[in-house]
Amino acid sequence: PPPPPVPSCRAPAFVPSPVLPRPLVPPLPPVSPLPAVAQPLPAAVVAPAQHWASLSENGLNMSTSSIPNSGADQLSASFVADVSLPDGTQVAPSQVRADGSVELRTATKIWRLQNNGPRPWPVGTSLAFVGGDRLSNVDLVPLSPSSNVSPGSSVDISVDITVPTRNGRFISYWRLMTPEGQRFGHRVWIDLVVDDKVAHPAPVVAAPLPAPVDIPAPQPAPVPSPAVASPVPAQPAPSAPAQVELYAEEMKALREMGFTDETMNRNFLAANGGDLTRTVQEILVHL
């Protein structure tokens with residue numbers, strides 16, 4: 001039988017597949033922009049009123065207009081003057097006796113404050129101790145129950161204090177407060193310098209009136225008699241011989257020199273104060 005056919009090593013001929021037409025894709029519809037929606041802003045962080053009050057009491061001295069409170073933000077107070085005990089007043093300390101008892105010295109601090117806000121201060125407003133040295137035995141000094149300080153008016157507020165027993169500087173801070181406990185207005189203070197070198201004031205004792213003294217009536221002064229001037233003896237006028245005797249020696253010398261005119265010699269001697277040399281020179285010039 002004939003041998004089987006040997007398989008060919010050649011690859012079969014490549015027959016391309018038919019090209020199919022690409023289907024048409026419809027265009028996408030235009031995308032309309034989404035409507036802008038306003039995003040809500042985050043709520044502002046509001047510090048509690050206690051935080052603002054603590055900042056004020058720690059020395060920032062912020063006015064109540066910056067405290068976010070619904071009613072007390074319109075309350076205001078400003079310092080006007082120290083009516084008593086101005087800053088740095090020196091006082092003697094309270095004394096401790098040998099038996100241990102204490103002789104207390106007291107004083108009264110008075111401030112003058114003004115309502116510089118648009119609202120009257122509410123009834124029941126007090127002055128409260130807020131820090132520093134405790135110089136009073138009370139922490140709250142109420143204003144007069146009937147006081148309703150209107151805008152623009154002023155009021156004097158006083159606090160009774162006790163002077164410490166040791167030397168040093170003592171400062172006590174106070175501030176107005178509403179009946180609800182809201183502080184407002186300027187912070188005021190007591191500033192004392194306690195020094196044992198300051199003498200205690202001595203008690204004032206009225207001096208007794210002096211006993212009446214009989215004062216004699218003034219006697220008329222004696223009228224002096226008119227003084228009579230005593231006559232002054234007249235001094236005798238110097239005689240001519242005295243003037244001649246004044247230059248007797250010079251006149252003699254001139255005669256010995258041959259100057260025989262006595263009148264001329266005397267006149268030149270008098271003009272030259274008795275100087276014989278100058279007299280001779282002037283006589284020679286005259287001759």
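Residues numbered from 1 in each chain as written. Predicted model: local features only at pLDDT ≥ 70, side-chain atom pairs only at ≥ 80, totals over all residues. Heavy atoms only, no water.

Caption draft 1: Quick look at the packing of aromatic side chains. Within the structure shown, the criterion is met by 3 aromatic pairs. Look at tryptophan 121 and phenylalanine 184: their rings are 5.9 Å apart centre to centre, the planes differ by 65°, and that puts the pair in the edge-to-face class. Of the two residues, tryptophan 121 is situated in the loop between strand 5 (106-114) and strand 6 (126-132) and phenylalanine 184 in strand 10 (residues 183-194); the sequence distance between them amounts to 63 residues. Geometrically, the ring pair formed by phenylalanine 129 and tryptophan 174 is edge-to-face, given 5.6 Å between the ring centres and 65° between the ring planes. In this pair, phenylalanine 129 is assigned in strand 6 and tryptophan 174 in strand 9 (residues 168-177), connecting sequence segments 45 residues apart. Each member of the pair phenylalanine 129 and tryptophan 174 is classed as buried. Looking at arginine 187, its charged tip hangs above the ring of tyrosine 173, at a distance of 4.6 Å from the centre. (Phe/Tyr/Trp six-rings, centres within 6.5 Å; stacked < 30°, edge-to-face > 60°. Helix = DSSP H or I, 4+ residues; strand = E, 2+ residues; numbered from the N terminus. Buried < 20%, exposed > 50% of the residue type's maximum accessible area, 1.4 Å probe, protein only. Lys NZ or Arg CZ within 6 Å of the ring centre and 35° of its normal.)

Caption draft 2: Region of the structure containing the pairing of strand 6. Counting buried residues in strand 6 gives 6 out of 7 residues, a clear majority hidden from the surface. Alignment of strand 6 against strand 7 (residues 140-142), held across 3 bridges, turns out to be antiparallel. Residue pairing in the sheet places alanine 128 in a bridge with leucine 140 of strand 7. (Pairing = 2+ DSSP bridges.)

Caption draft 3: Summary view of the sheet that holds strand 1 (residues 78-82). Sheet architecture is open: 3 strands sit in the order 1-5-8, paired in antiparallel fashion. Unpaired on one side and paired on the other, strand 1 and strand 8 (154-162) mark the two borders of the sheet. Recorded for the sheet is a direction-independent mean angle of 30° between the axes of neighbouring strands. Relative to strand 5, strand 1 runs antiparallel, the two sharing 4 bridges. (Axes fitted to C-alpha atoms, helices over the stretch in contact; angles between N-to-C directions.)

Caption draft 4: Quick peek at the pattern of salt bridges. Tallied over the entire structure, the rule returns 5 salt bridges. Across the pair aspartate 191 and arginine 169 runs a salt bridge, and its minimum N-O distance is 2.5 Å. You can see aspartate 191 sitting in strand 10 and its partner arginine 169 sitting in strand 9, a full 22 residues away along the chain. Using a relative accessible area of 4% as the deciding quantity, one classes aspartate 191 as buried. Looking at arginine 169, the relative accessible area reads 56%, which means it is exposed. (Salt bridge = Lys/Arg side-chain N within 4 Å of Asp/Glu carboxyl O.)

Caption draft 5: Spatial organisation of the nonpolar core. By size, the foremost hydrophobic cluster in this structure holds 27 residues, and its most contacted members are Trp121, Leu127, Ile161, Trp174 and Leu176. Only strand 5, strand 6, strand 8, strand 9 and strand 10 provide two or more residues apiece to this core. Here the element with the most residues in this core is strand 10; it accounts for 5 residues. Apart from the residues within four sequence positions on either side, leucine 127 is in contact with Trp111, Asp139, Leu140, Val141, Leu143, Ile157, Val159, Trp174, Arg175, Leu176 and Val188. Core analysis: the second largest hydrophobic core is formed by 9 residues, Met251, Leu269, Val280 and Ile283 among them. (Core = buried A, V, L, I, M, F, W, Y, C linked by side-chain atoms within 4.5 Å. Contact = heavy atoms within 4.5 Å.)

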